[in-house]
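Listed below, chain by chain, are the residues.
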Amino acid sequence: MSSAPGWPGYRAEPSCDPGRSRVFPAPVPAELRALGNDVRAADWPVRLAFRSSRTALLDTLCRWQTLRALAYVHLLAARTGDERLPADLRVVPDPEAAADPGLPELLARLEKAAAGLPADLLDPVVCDSGGLLADNRFAASVLAAGLTADSRPADADEAVSRAVVLTGYWYEVPGLRGALALAWSANLFVRSWLGWSRQFVYGDPAGGIGITSDPRPPRPSASALPEWAAPLLDRIGQGDGAGR
């Protein structure tokens, strides 16, 4: 098992899935682990509205949450980053914050951290989103339950509203599915990373994180994902041999 150069927070080894690696996290420092629950929380909408402005807002929230979770993975893997990154990660995506004039700069910093990850870490996130986008009658329920639980709703009514709304958007606005799937998958990767790092030191050779099945679900086509995912796909396409 080899360490990825310049990435002391994880190690990787080849998977039985050709050309891919299994990821094994190092122990996570307490101050980084403390961010793990907060960084998965987003204030998802509690009312359905199919106006273009509302679907565009949800796409923005999905982009923000995906990049936020991946930027956190950057800190977990590299143990360093832009000095503003911890503060950026604490800003919770919500409809009001999405209108902040400073949001484009914040998203640019998150995207730089996310797209700077080794391909070994981005690929399972994108592939897991592809597994959700495949023909799966339970996909909407899985996505709604995961994102709602991660959002840490204030009460049962809010939890139900968010789950219903996310399910409704999945079925009624197919063009949002790629964005929703990426937000779900990025959160899942964070949850898996923290779970494995708590149970094992550099992982159990029998398993890995970020891999929900082996072989991994096929990577979705670029057309199935939102335009803002292009830098992530480019990074995977470039590869760098990290951990391979």
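Residues numbered from 1 in each chain as written. Predicted model: local features only at pLDDT ≥ 70, side-chain atom pairs only at ≥ 80, totals over all residues. Heavy atoms only, no water.

Assigned secondary structure in the protein consists of nine helices and three strands. In the protein, which comprises 244 residues, the proportion classed as buried is 52%. Of the contacts formed within the protein by residues at least 6 apart in sequence, a portion of 78% connects residues at least 24 apart. Taken as a whole, the protein presents about 10,800 Å² of accessible surface, with 53% of it coming from carbon and sulfur. (Helix = DSSP H or I, 4+ residues; strand = E, 2+ residues; numbered from the N terminus. Buried < 20%, exposed > 50% of the residue type's maximum accessible area, 1.4 Å probe, protein only. Contact = heavy atoms within 4.5 Å. Areas by Shrake-Rupley, 256 points an atom, 1.4 Å probe, with all protein chains shown as cover.)

Here we take up the pattern of salt bridges. One pass over the full model with this rule turns up nine salt bridges. The shortest N-O distance in the salt bridge between R40 and D150 comes to 3.0 Å. Of this pair, R40 sits in the loop between α1 (30-33) and α2 (52-78) while D150 sits in helix α6 (residues 139-150), placing them 110 residues apart in sequence. Note on accessibility: R40 and D150 belong to one class, buried. Taking the shortest distance from any N to any O, the salt bridge between D43 and R162 comes out at 3.2 Å. (Salt bridge = Lys/Arg side-chain N within 4 Å of Asp/Glu carboxyl O.)

Moving on to the confidence of the model for the protein. Predicted confidence across the protein gives a mean pLDDT of 88, with 89% of residues reaching 70 or more. Taken as a whole, residues 240-244 scores under 50 in pLDDT and shows 16 contacts with residues more than four places along the chain or in a different chain. (pLDDT = per-residue confidence, 0-100.)

This part covers the packing of aromatic side chains. Considering all chains together, one arrives at three aromatic pairs under this definition. Among the aromatic side chains, those forming a connected cluster through ring pairs are Y10, F189 and W193. (Phe/Tyr/Trp six-rings, centres within 6.5 Å; stacked < 30°, edge-to-face > 60°.)

Here we take up empty space enclosed by the protein. Counted according to the given criterion, the structure contains one cavity of 30 Å³ or more. Around the largest cavity, the lining residues are P45, R47, A49, R54, L57, L58, L61 and Y169. The element best represented in the lining of the largest cavity is α2, accounting for four residues. Of the residues assigned to the lining of the largest cavity, the class counts are six nonpolar, no polar and two charged. (1 Å grid on protein atoms, 1.4 Å probe; cavity = no way out; pocket = protein on both sides within 12 Å on 5 of 7 lines; lining within 4 Å. Points joined across faces, edges and corners; volume = space filled by probe spheres on them. Nonpolar A, V, L, I, M, F, W, Y, C, P; charged D, E, K, R; others polar.)

Here helix α7 (residues 156-172) spans 24 Å end to end across 17 residues, near enough to the 24 Å set by a 1.5 Å rise per residue. Along α7, the residues that are buried comprise R162, V165, L166, G168, Y169 and W170. On its buried side, α7 packs onto α2, α5 (119-133), α6 and α8 (177-199). (Expected span 1.5 Å × (residues − 1).)

This brings us to the nonpolar core. Within the largest apolar cluster, 70 residues are counted, with the highest numbers of intra-cluster contacts made by W44, L89, L110, L121, L180 and W193. Take this core: its biggest share by element is 15 residues, from α2. With sequence-adjacent residues up to four places away left out, L89 is seen in contact with L35, V39, R68, A71, Y72, L75 and L110. (Core = buried A, V, L, I, M, F, W, Y, C linked by side-chain atoms within 4.5 Å.)

Moving on: the pairing of strand β3 (residues 21-25). Across the five residues that make up β3, a large majority, five, are buried. With burial as the criterion, each face of β3 is covered, one bearing S21, V23 and P25 and the other bearing R22 and F24. Across five bridges, strand β2 (residues 7-14) lies against β3 in antiparallel orientation. Across the sheet, the residue bridging to E13 is R22, located in β3. (Pairing = 2+ DSSP bridges.)

Let us now look at unusual backbone geometry. Across the chain, the bulk of peptide bonds are trans and the bulk of non-glycine residues have phi less than zero. Backbone geometry at R79 places phi at a positive 65°, although glycine is not the residue there. Here R79 lies in the loop between α2 and α3 (85-89). For R152, which is not glycine, the phi dihedral falls at a positive 55°. Tracing the backbone through its elements, the reader meets R152 in the loop between α6 and α7. A residue is classified by how much of its surface remains accessible, and R152, at 48% relative accessible area, is partly exposed.

This part covers α6. Look at α6: 17 Å from first C-alpha to last across 12 residues, which is about the 16 Å you get at 1.5 Å a residue. Of the residues making up α6, those classed as buried are A139, A140, L143, A144, G146, L147, T148 and D150. Packed against the buried residues of α6 are α5, α7 and α8.

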